[in-house]
Amino acid sequence: MSPQPRLENAGMDAWLIRLFDTIDERNMTWITALVRACEQSLGEQLVDLVPSYTTVLVQFDPLRLDHGEARRLLQQLLAELEPDADDNAAPVKELPVWYHPSVGPDMARLEQRTGLDADRLIELHSEHEYRVFALGFAPGFAFMGTLPEQLALPRLDSPRPRVPAGSVAIAGRQTAAYPNASPGGWNLLGRTPATLFDPRSRDLSLLRVGDRVRFVPVSQAEFERLGGDSSPMRES
């Protein structure tokens, strides 16, 4: 799938590059290539890059780079852009998960909806390799896909006022893990002990756009050994 890039004005210090109109895992080879090319071309003039499913927002320093010059630079970059040759070169990051009703209260609803038992649902969720499409909603919150169709489940009608940090969840054809305690309307299946966002670390977020991710089932004992909080989910 080849992109048809469009530049959209996003303010005096930013351009939005729209590569695609539809979400597709095959987009990622172009998205990651574009991110790398922007980093190399803009250097210290670059303030931030926000890649997503079909777009990349490029924010630059207007004191170092004129708005029009930034547009010309990006147009030249897009004319020469090639997708990453080896899609399998993206790093694979494993997230240990304790799948259990006490920390994944929506597992029972998923069982009822699909007719599959908990063991099969866990197997389906954990045997698949996901790609990080975007970061958003909260710092370190990674939108991952594509979830097996059997596990697709709509968001909750009413979001929970508090979802514990590390909660592993699904919504539609996507999956994610909450980096910090926050409100949330996704369906909870379990919990990971992984630190998904650390403001003291260089990279801040454990997961980056383009990463490949696998969820690895672990026992409660292993979850706790890794530092996980096994306190039961409390519905308010």
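Structure's up top.
Residues numbered from 1 in each chain as written. Predicted model: local features only at pLDDT ≥ 70, side-chain atom pairs only at ≥ 80, totals over all residues. Heavy atoms only, no water.

### A closer look at the overall build of the protein
Turning to step 1, where the next piece is worked out: A count of helical and extended segments in the protein gives five helices and 13 strands.
Turning to step 2, where the next piece is worked out: Taking 18 Å as the expected radius of gyration for a compact globule of 236 residues, we find that the protein reaches 19 Å, a close match to that expectation.
Turning to step 3, where the next piece is worked out: In the protein, buried positions account for 47% of the 236 residues.
Turning to step 4, where the next piece is worked out: Of the contacts made within the protein by residues no fewer than 6 positions apart, 63% connect residues no fewer than 24 positions apart.
Turning to step 5, where the next piece is worked out: If you sum the accessible surface of the protein, you get close to 12,100 Å²; carbon and sulfur atoms cover 48% of it.
Turning to step 6, where the next piece is worked out: Averaging the locations of the 24 positively and 33 negatively charged side chains of the protein gives two centres separated by 3 Å. (Helix = DSSP H or I, 4+ residues; strand = E, 2+ residues; numbered from the N terminus. Rg over C-alpha atoms; globule rule 2.2 N^0.38 Å. Buried < 20%, exposed > 50% of the residue type's maximum accessible area, 1.4 Å probe, protein only. Contact = heavy atoms within 4.5 Å. Areas by Shrake-Rupley, 256 points an atom, 1.4 Å probe, with all protein chains shown as cover. Lys, Arg positive; Asp, Glu negative; His and termini not counted. Charge placed at Lys NZ, Arg CZ, Asp CG, Glu CD.)

### Re the sheet that holds strand β3 (residues 46-51)
Turning to step 1, where the next piece is worked out: Taken in spatial order, the four strands of this open sheet run β1-β2-β4-β3, and their pairing is antiparallel. The strands lining the two open edges of the sheet, one partner per strand, are β1 (6-9) and β3. This sheet shows a mean twist of 20° between the axes of neighbouring strands, independent of strand direction.
Turning to step 2, where the next piece is worked out: Contacts from helix α2 (residues 67-79) reach β1, β2 (14-18) and β4 (55-60), with the element oriented near 25° to β2. (Pairing = 2+ DSSP bridges. Axes fitted to C-alpha atoms, helices over the stretch in contact; angles between N-to-C directions.)

### Focus on the side chain of Asp 106
Turning to step 1, where the next piece is worked out: For Asp 106, the location among the structural elements is in the loop between β5 (92-99) and α3 (107-114).
Turning to step 2, where the next piece is worked out: Given the relative accessible area of 5%, Asp 106 is considered buried.
Turning to step 3, where the next piece is worked out: At 2.7 Å, the side chain of Asp 106 and the backbone nitrogen of Leu 188 are in polar contact.
Turning to step 4, where the next piece is worked out: Leaving out residues up to four positions away in the same chain, Asp 106 has contacts with Leu 156, Arg 160, Trp 186, Asn 187 and Leu 188. (Polar contact = N/O pair within 3.5 Å; in protein donor to acceptor, adjacent residues only side chain to side chain.)

### A look at the pattern of salt bridges
Turning to step 1, where the next piece is worked out: For the coordinates displayed, the defined rule picks out 15 salt bridges.
Turning to step 2, where the next piece is worked out: Ionic pairing is found between Glu 69 and Arg 72, a salt bridge with its closest N-O pair at 2.9 Å. One end of the pair is Glu 69 and the other is Arg 72, both in helix α2 and three residues apart, which spans about a single turn.
Turning to step 3, where the next piece is worked out: According to the relative accessible area criterion, Arg 72 is partly exposed, its value standing at 49%.
Turning to step 4, where the next piece is worked out: For Arg 214, the salt bridge identified is with Glu 129, shortest N-O distance 3.8 Å. Of this pair, Arg 214 sits in strand β13 (residues 212-217) while Glu 129 sits in the loop between α4 (118-127) and β6 (130-135), and the two are 85 residues apart along the sequence.
Turning to step 5, where the next piece is worked out: On the accessibility criterion, Arg 214 (28% relative accessible area) is partly exposed.
Turning to step 6, where the next piece is worked out: A relative accessible area of 25% places Glu 129 in the partly exposed class.
Turning to step 7, where the next piece is worked out: Here the salt bridges do not stand alone but share partners, grouping Glu 44, Asp 61 and Arg 64 into one network. (Salt bridge = Lys/Arg side-chain N within 4 Å of Asp/Glu carboxyl O.)

### A short note on the pairing of β2
Turning to step 1, where the next piece is worked out: With respect to burial, β2 is a largely interior element, four of its five residues being buried.
Turning to step 2, where the next piece is worked out: Examined bridge by bridge, β1 and β2 share four bridges and lie antiparallel to one another. The partner of Asn 9 across the bridge, within β2, is Trp 15.
Turning to step 3, where the next piece is worked out: Pairing of β2 with β4 involves five bridges; the strand directions are antiparallel. Residue Ala 14 lies in a different strand from β4, and its bridge partner there is Gln 59.

### Brief notes about α2
Turning to step 1, where the next piece is worked out: Here α2 spans 19 Å end to end across 13 residues, near enough to the 18 Å set by a 1.5 Å rise per residue.
Turning to step 2, where the next piece is worked out: Among the residues of α2, those classed as buried are His 67, Ala 70, Leu 73, Leu 74, Leu 77 and Leu 78. With its buried residues spanning 135° around the axis, α2 presents them on a single face. Projecting away from the buried face of α2 at angles above 90 degrees are the exposed residues Gln 76 and Ala 79.
Turning to step 3, where the next piece is worked out: Where α2 is buried, its residues meet β1, β2, α1 (28-42) and β4. (Expected span 1.5 Å × (residues − 1). Arc of directions from axis to C-beta.)

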